[in-house]
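Below, each chain spelled out in residue letters.
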Amino acid sequence: MPIDVAVATGAEPRKGEISWTHKDVILYHLGVGAGTPATGADELRYTYEKNLQVLPTFATVAGTKVGGSLSALPGIDINLAAVLHGGQEVVIHNPLPAKAKNIQATSRIADVWDKGKAAVIVLESSATLEDGTPLYDSRAEIFVRGEGGFGGERGPVTKIDVPERDADHVIDVATREDQALLYRLSGDWNPLHADPEFAKRAGFDTPILHGLCSYGLTLKAVVDTVLGGDVARVKRYRTKFAGIFFPGETMRIRVWDEGGKLIVQTSSVERDDAIVLSDTVVEYSD
């Protein structure tokens, strides 16, 4: 079996130091749609090193060098064409700095769930400052088609129902046709998001947008529209990747404010509001 659950979950956590500069942060922000209009004050806080703030979702790319390639992890031997991101969560303990060095990061496979026709690999990571101050915890659920049926636990079921009322905010975000090409420069080189032939082999007509790019685009829109542009108010953000999104489409983001918690749903305008992100919650501070 390409996934050896005992080896994967029993391996020692990977540890290492990570660092980043304002260039890494700005590149990531451009990859999730920042910079339009280019000289707008609200956008410059993401794209100009003076007073630069960092979206919490930057955590999903900051520590990838420690985690390494998924197929290189102990007990994992899979075909990247069968891989899709199933879900993501970040918990922010302190605002991410615009530049950092000697960040202590760890990464491990916490679980492998058996969904029948697929397996879900649960990756957990965390990062602290050199003095031990916690920055973030991250949890990714990686869906691998064709690797289930090994008799393991199915994992928990989490469902977030949207309120039975109109959304408090509806935000439309236009994406670029080269959005995936920009985003992959932050470290996710899966050819599914760039190579048309690879995408066809994976069952798609054309390359699709990274799930984590949709994740970042959605949070940026929520921060800018609902949280007054203050990234420090975000404490926890989780979602399920319920559908695909194509670069160049318009992302429609509906937000219901439940007081301290935002319930969010993201869809594609051009494909009759086909759901892209579901079961999405942003927990925030006042």
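Each remark here, short or long, concerns the structure printed above.
Now for a description of the structure that goes with this document. (Residues numbered from 1 in each chain as written. Predicted model: local features only at pLDDT ≥ 70, side-chain atom pairs only at ≥ 80, totals over all residues. Heavy atoms only, no water.)

## Description of the nonpolar core
Now for step 1: Ranked by internal contacts, the top residues of the largest apolar core, which has 53 residues, are W20, F58, Y136, I253, V255 and L262.
Now for step 2: Apart from residues lying up to four places away in sequence, I253 is in contact with H169, V170, I171, V173, L217, T218, A221, V222, V264, Q265 and T266.
Now for step 3: The next biggest cluster of nonpolar side chains, apart from the first, holds 15 residues, and it includes I3, I121, L123 and V144. (Core = buried A, V, L, I, M, F, W, Y, C linked by side-chain atoms within 4.5 Å. Buried < 20%, exposed > 50% of the residue type's maximum accessible area, 1.4 Å probe, protein only. Contact = heavy atoms within 4.5 Å.)

## With respect to the environment of S186
Now for step 1: Here S186 shows up in the loop between helix 6 (179-183) and helix 7 (196-201).
Now for step 2: Sequence-distant contacts of S186, that is, excluding residues within four places in its chain, are made with L27, Y28 and V61. (Helix = DSSP H or I, 4+ residues; strand = E, 2+ residues; numbered from the N terminus.)

## Some remarks on the pattern of salt bridges
Now for step 1: According to the stated counting rule, one finds 16 salt bridges in the structure shown.
Now for step 2: Between E43 and K220 there is a salt bridge, with its nearest N and O atoms 3.0 Å apart. Highlighted residues: E43 in helix 3 (residues 41-47) and K220 in helix 8 (residues 211-226), separated in sequence by 177 residues. For the pair shown, E43 and K220 are each scored as buried.
Now for step 3: Between R252 and D273 there is a salt bridge, and its shortest N-O distance comes to 4.0 Å. Placement of R252 in strand 8 (residues 250-257) and of D273 in the loop between strand 9 (261-268) and strand 10 (274-284) is noted, with a sequence separation of 21 residues between them.
Now for step 4: Here R252 falls in the partly exposed class, since its relative accessible area comes to 22%.
Now for step 5: Shared partners join several salt bridges into a network, and the residues in it are D42, E43, R45, K220 and D224. (Salt bridge = Lys/Arg side-chain N within 4 Å of Asp/Glu carboxyl O.)

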